[in-house]
Amino acid sequence: MAGNLKLIKKTTISGTTTSVSITDVFSSNFEVYKITAKDVLQPASSSASSLHVRLINSSGSIESTSGHYLSAFKQLRADSSFFEGNSTTDTFMNIMLGQVDDNINSMGAVMYLFNPFDSTKQTHAMTQSATLVGSQHRNIKGIGLFNQTTSITGLNIHLSSDGINSGIISIYGLGNE
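Below is a summary of the structure that appears in this document. (Residues numbered from 1 in each chain as written. Predicted model: local features only at pLDDT ≥ 70, side-chain atom pairs only at ≥ 80, totals over all residues. Heavy atoms only, no water.)

1. Here we look at the sheet that holds strand E7 (residues 99-100)
Thought 1: Sheet architecture is open: four strands sit in the order E2-E11-E4-E7, paired in antiparallel fashion. Bordering the open sheet on either side are strand E2 (19-22) and E7, each of which pairs with just one other strand.
Thought 2: For strand E4 (residues 49-57) and E7, the ladder comprises two bridges, and the chain directions are antiparallel. Residue pairing across strands places Ser 50 opposite Gln 99, the latter belonging to E7. (Pairing = 2+ DSSP bridges. Helix = DSSP H or I, 4+ residues; strand = E, 2+ residues; numbered from the N terminus.)

2. Side note on the pairing of strand E3 (residues 32-41)
Thought 1: Summarising burial for E3: eight of the ten residues are buried, a large majority.
Thought 2: Examined bridge by bridge, E3 and strand E8 (residues 107-114) share seven bridges and lie antiparallel to one another. Counted as the bridge partner of Tyr 33 is Leu 113 from E8.
Thought 3: Where E3 lies against strand E12 (residues 164-174), eight bridges are found, and the strand directions are antiparallel. Residue pairing in the sheet places Tyr 33 in a bridge with Gly 173 of E12. (Buried < 20%, exposed > 50% of the residue type's maximum accessible area, 1.4 Å probe, protein only.)

3. Structural notes on the sheet that holds E12
Thought 1: Here we have eight strands laid out as an open sheet, ordered E1-E12-E3-E8-E9-E10-E5-E6, and antiparallel in their pairing. The open sheet terminates on both sides in strands that have one partner only, identified here as strand E1 (5-17) and strand E6 (83-87). Strand-to-strand twist of the sheet, defined as the mean angle between neighbouring strand axes without regard to direction, takes the value 15 degrees. (Axes fitted to C-alpha atoms, helices over the stretch in contact; angles between N-to-C directions.)

As structure tokens, this is what we get:
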């Protein structure tokens, strides 16, 4: 696989919404996809919220069955001890695009999805992010798995609490088209 990176879709979020669905982005053209999140903001809040990812199948439905997503992450915090989390029962990939706050320019995340469109393979993910929550740095590294062999064509992003006020989500295909 060569190092070509092709922008497939850039979504700008404006106005408060509970979730964002980005459809028709995964196809047989690529096996690996890079998803970036930048400047995602929530309404003024006392604590940070986590950005979760759910996948959208080729029928256009959000995959949200408990136990179909597995995820694990390590959060490196400047203000307290490091934290590890994992789940095998969520209806989403937990914290896959990091955390957000109400502070502009305070977050950035990158996630890679492997083989989402291939209906003979499970979809794997890996992620890393950096966030400034108040004045405290939080960095996250994580992995995820959608353990079904379903053709995936899009993704849905939602916060653990509050809504999403703004942000930019970009999806790239990686490799040879």
